[in-house]
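# Survey of secondary and tertiary structure
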Amino acid sequence: MQRIKTIRDVDCQGKKVFVRVDFNVPLNEHSAISDDARIVAALPTIEYLTQSGAKVILASHLGRPDGERMAKYSMDNVAKVLAQYLGQAVLFLPNCVGEDVSLAVNKMTNGSVVLLENLRFYKGETENDPEFAKQLASLADIYVNDAFGTAHRAHASTEGITHFVKSKVAGLLIGRELEFLGSKISDPERPFTVILGGAKVSDKINIISNLLDKADNLLIGGSMAFTFLAANGHSTGTSLVEKDKLKLAKEVLKSAKDKDVNMLIPIDFVITNEFDSEKMTIGEVKTVDFDIPNGWCGIDIGPKTVEKYSNVVTHSRTILWNGPLGIFEISQAASGTFDLAKAISSSEAISIIGGGDLGKAIRRSGCDNYMTFISTGGGASLEFLEGKELPGIAALDRI
Ligand code: AMP
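Definitions and limits used
- Residue indices begin from 1 for each chain and proceed along its sequence in written order.
- Selection of residues for local features in this predicted model requires a pLDDT of at least 70, selection of side-chain atom pairs for listing and counting requires 80 or more, and totals for whole chains, interfaces and linings are taken over all residues.
- Side-chain figures throughout are based on the complete set of non-hydrogen atoms in the structure, without hydrogens or water.
- Pairing of aromatic side chains here covers Phe, Tyr and the six-membered ring of Trp, requires ring centres within 6.5 Å, and sorts the geometry by plane angle: under 30 degrees stacked, over 60 edge-to-face, intermediate tilted.
- Strands here are runs of E lasting at least two residues and helices are runs of H or I lasting at least four, both read from the DSSP assignment and numbered beginning at the N terminus.
- Per-residue accessibility, obtained with a 1.4 Å probe over protein chains only, is compared with the maximum for each type, and a residue is labelled buried under 20%, exposed over 50%, and partly exposed between these values.
- Any two residues having at least one pair of non-hydrogen atoms within 4.5 Å are treated as being in contact.
- Each residue is tested against the molecule or strand, and it is near if at least one of its non-hydrogen atoms lies within 4 Å.
- Under the rule applied, a polar contact is a pair of N or O atoms within 3.5 Å (in protein, one hydrogen donor and one hydrogen acceptor; residues adjacent in sequence only if both atoms are side-chain atoms).
- Each accessible area is a Shrake-Rupley result for a 1.4 Å probe, and residues are judged covered by the shown protein chains and nothing else.
- At least two bridges found by DSSP between two strands are what make those strands a pair.
- Inter-axis angles, ranging from 0 to 180 degrees, are taken between N-to-C directions of lines fitted to C-alpha atoms, where helices are fitted over the stretch in contact.
- In the sections that follow, a salt bridge refers to a side-chain nitrogen of Lys or Arg positioned within 4 Å of a carboxyl oxygen of Asp or Glu.
- For the domains described, the bounds stem from an automatic or database domain assignment.
- Computed with a 1.4 Å rolling probe, the buried area is the accessible surface lost when two parts are put together, summed over both parts.
- Only buried residues count toward a nonpolar core, which is a set of Ala, Val, Leu, Ile, Met, Phe, Trp, Tyr and Cys residues joined through side-chain atoms within 4.5 Å.
- Throughout this description, any angle smaller than 35 degrees is read as roughly parallel, any larger than 145 degrees as roughly antiparallel, any in the 65 to 115 degree range as roughly perpendicular, and the remainder as oblique.
- In this classification, Asp, Glu, Lys and Arg are treated as charged, Ala, Val, Leu, Ile, Met, Phe, Trp, Tyr, Cys and Pro as nonpolar, and every other residue, Gly included, as polar.

Moving on to the packing of aromatic side chains. A complete count under the given rule lists five aromatic pairs for this structure. Ring centres 6.3 Å apart and planes at 65° place the aromatic pair phenylalanine 148 and phenylalanine 384 in the edge-to-face group. One end of the pair, phenylalanine 148, is in the loop between β5 (142-145) and β6 (167-170); the other, phenylalanine 384, is in helix α13 (residues 379-385), with 236 residues separating them in the sequence. The residues phenylalanine 148 and phenylalanine 384 share a single accessibility class, namely buried. Taking 4.8 Å as the distance between ring centres and 10° as the angle between the ring planes, the aromatic pair formed by phenylalanine 180 and phenylalanine 373 counts as stacked. Pair noted here: phenylalanine 180 is in helix α6 (residues 172-186) and phenylalanine 373 is in strand β17 (residues 373-374), with a separation of 193 residues, a long-range link. Assigned by exposure class, phenylalanine 180 and phenylalanine 373 land together as buried.

Attention now moves to unusual backbone geometry. Note: most residues except glycine have negative phi, and most peptide bonds are trans. The peptide bond linking arginine 190 to proline 191 adopts the cis configuration, its omega dihedral lying at 0°. Position of proline 191 relative to the elements: it lies in the loop between α6 and β7 (192-196). Omega for the bond connecting phenylalanine 290 with aspartate 291 falls within 30 degrees of zero, at 15°, which places this linkage in the cis form. The backbone of aspartate 66 shows a phi angle near 50°, a positive value even though the residue is not glycine. Its place among the elements puts aspartate 66 in the loop between β2 (55-59) and α2 (76-86).

Now for the environment of leucine 173. Checked against the element boundaries, leucine 173 lands in helix α6. Along the chain, leucine 173 and alanine 41 lie 132 residues apart, while their C-alpha atoms are 7.4 Å from each other. Excluding residues that lie within four positions of it along the chain, leucine 173 makes contacts with Ala41, Ala42, Thr45, Asp146 and Thr376.

This next bit is on the site of the ligand. Around the ligand there are 15 residues in total, and Ala199, Lys204, Gly298, Gly326 and Glu329 lie nearest to it. At 2.5 Å, a side-chain N or O of glutamate 329 approaches an oxygen atom of the ligand. At 3.5 Å from an oxygen atom of the ligand is found a side-chain nitrogen or oxygen belonging to aspartate 357. Protein contact buries 83% of the 500 Å² of open area that the ligand shows by itself.

Taken in spatial order, the six strands of this open sheet run β9-β8-β7-β15-β16-β17, and their pairing is parallel. Every other strand in the sheet has two partners, leaving β9 (262-264) and β17 as the edge strands with one partner each. Sheet topology places strand β15 (residues 318-322) next to strand β16 (residues 350-353); four bridges connect them, and they run parallel. From the neighbouring strand, tryptophan 321 faces β16, where its bridge partner is isoleucine 353. Along the sheet, helix α10 (residues 303-314) contacts β7, β8 (217-220), β9 and β15; its crossing angle with β8, the most-contacted strand, is approximately 150°.

A few words now on the pattern of salt bridges. What the rule picks out here adds up to 17 salt bridges. Across the pair glutamate 68 and lysine 123 runs a salt bridge whose closest N-O atoms are separated by 3.8 Å. Within this pair, whereas glutamate 68 is found in the loop between β2 and α2, its partner lysine 123 is found in helix α4 (residues 123-126), the two being separated by 55 residues in sequence. Among the salt bridges present, the one from lysine 184 reaches glutamate 179, with a minimum N-O distance of 3.3 Å. Taking the relative accessible area as the measure of exposure, lysine 184 reaches 28% and is therefore partly exposed.

This part covers the domain arrangement of the chain. Under the domain assignment, the chain is made up of domain 1 (7-176) and domain 2 (188-385). Contact with domain 1, which involves six residues of that partner, is made by ten residues of domain 2. Surface buried jointly by domain 1 and domain 2 totals about 690 Å² across both partners, of which 64% is contributed by carbon and sulfur atoms. Per-residue buried area on domain 1 facing domain 2 is highest for Phe148, His152 and Arg176; these three make up 74% of the total on that side. Where domain 1 packs against domain 2, one counts zero salt bridges.

A separate point is the side chain of threonine 50. Structurally, threonine 50 can be placed in helix α1 (residues 37-51). Side-chain polar atoms of threonine 50 contact the backbone oxygen of glutamate 47, separated by 3.0 Å.

The next point concerns the sheet that holds strand β10 (residues 268-272). Two strands in a sheet stick together by hydrogen bonds in their backbones, pointing the same way (parallel) or opposite ways (antiparallel). Taken together, three strands build an open sheet; the order of strands is β13-β10-β14 and the sheet is antiparallel. A strand with exactly one partner marks an edge of an open sheet, and here the two such strands are β13 (285-289) and β14 (297-301). For this sheet, the mean inter-axis angle between neighbouring strands, taken without regard to orientation, is 40°. Bridging between β10 and β13 involves five bridges; their strand directions are antiparallel. Across the sheet, the residue bridging to aspartate 268 is aspartate 289, located in β13.

Here the focus is the side chain of aspartate 22. Within the fold, aspartate 22 resides in the loop between β1 (16-20) and α1. There is a polar contact of 3.1 Å between the side chain of aspartate 22 and the backbone nitrogen of asparagine 24.

Moving on to the nonpolar core. Of all hydrophobic cores here, the largest spans 107 residues; its most connected members are Phe18, Phe23, Leu58, Leu116 and Phe228. Structurally, this core is a two-domain feature, drawing no fewer than three residues from each of domain 1 (7-176) and domain 2 (188-385). For leucine 116, the contacting residues outside a window of four places in its chain are Phe18, Ile57, Leu58, Ala59, Met75, Phe92, Leu93, Asn95, Cys96, Val101 and Leu139. Formed by 26 residues, the second largest nonpolar core is a distinct cluster that contains Ala334, Ile344, Leu358 and Met371.

For the pair helix α7 (residues 201-211) and helix α8 (residues 224-231), interaxial distance at closest approach is 9 Å and the crossing angle is 80°. Considering their axes alone, α7 and α8 lie roughly perpendicular with respect to each other. Here Val201, Lys204 and Ile208 of α7 come into contact with α8, specifically with Met224, Thr227 and Phe228. Residues of the contact of α7 with α8, tallied by class, amount to four nonpolar, one polar and one charged.

So, in structure tokens, the structure goes:
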């Protein structure tokens, strides 16, 4: 099978290399960077390129300025943080295209780094305007995509640009995403266990369909579990149940049986008699086996379920986990997710964590360093696991 080319497959010496990075960092109320993990995550690719003698042109979006210039979303501060990490100057350019940018890029020396202004200050970015894409492409000899989080969007800097640059390859971050979400799962070391949580069956149904053919075990948690519980004829109280997905849930349960997949749904729950999803507050809390009493709502999997799931995890060789098992944002409903994370940490398995909310939960549990891989993409990892082709990846060269 052909694989996507990465920066290791091309000669970057003396070349102008345009790198689409993900510097969409969270900002606090003073517009300061509150978490620079995404900048840190991009360093291996940037350092590889500078050490290869490339002229590195970085570009990213930040926030949702919707085609307007907004000071709080300027890349200026990102350039300063990046320079500190790299230990070298990063020239910030206050535009993405135009004569000034071309002039500055043409003056670059080998191994130097520039960072362009926020791509989404230009409407052409999200509209995938070919003219904007062509102007971006005119800066580069080689295009590198290392922004997995936006690879599922066909934007000018992720897809449009690839039509105008000869050589287009993946960066080291996307290379790892492809390795873990791709090859490690398409031909997994077995037993292969898939853990799915999060809010809705409807969000995860395509992943379930795609992975039922590959998984040995499928463990269900999160509010999604209540639709399966209801499909099995149990009462669910006021827990979130997608009534229009009950038939689908029954089909999935049957299909798992037919395919000999060990599909487990929780056997006990942490419940509350009051849950305000806006304020994220709860009332009284207790643990019950199913069924869930009237007026009570499931907020986490219970300790018996954790034990049962931990046992499966301990005997697995590959684990893929997408979506938290409870409302981990509330401390009384975080144990299911955190305790399973601990069980995975002490297992020998390759552990692959789908991004988004679960990435946040795993970091909060303190187990992040024990996971083999945590994806940097929320929506992108979801679509990738559904088996969809991501436009920002499909457009890259193959070898
Ligand atoms: P997703 O984006 O689909 O992975 O969903 C993540 C969200 O699901 C998190 O914000 C959790 O708080 C939420 N969640 C997990 N379990 C429950 C539950 N039992 N009831 C309500 N929300 C839940």
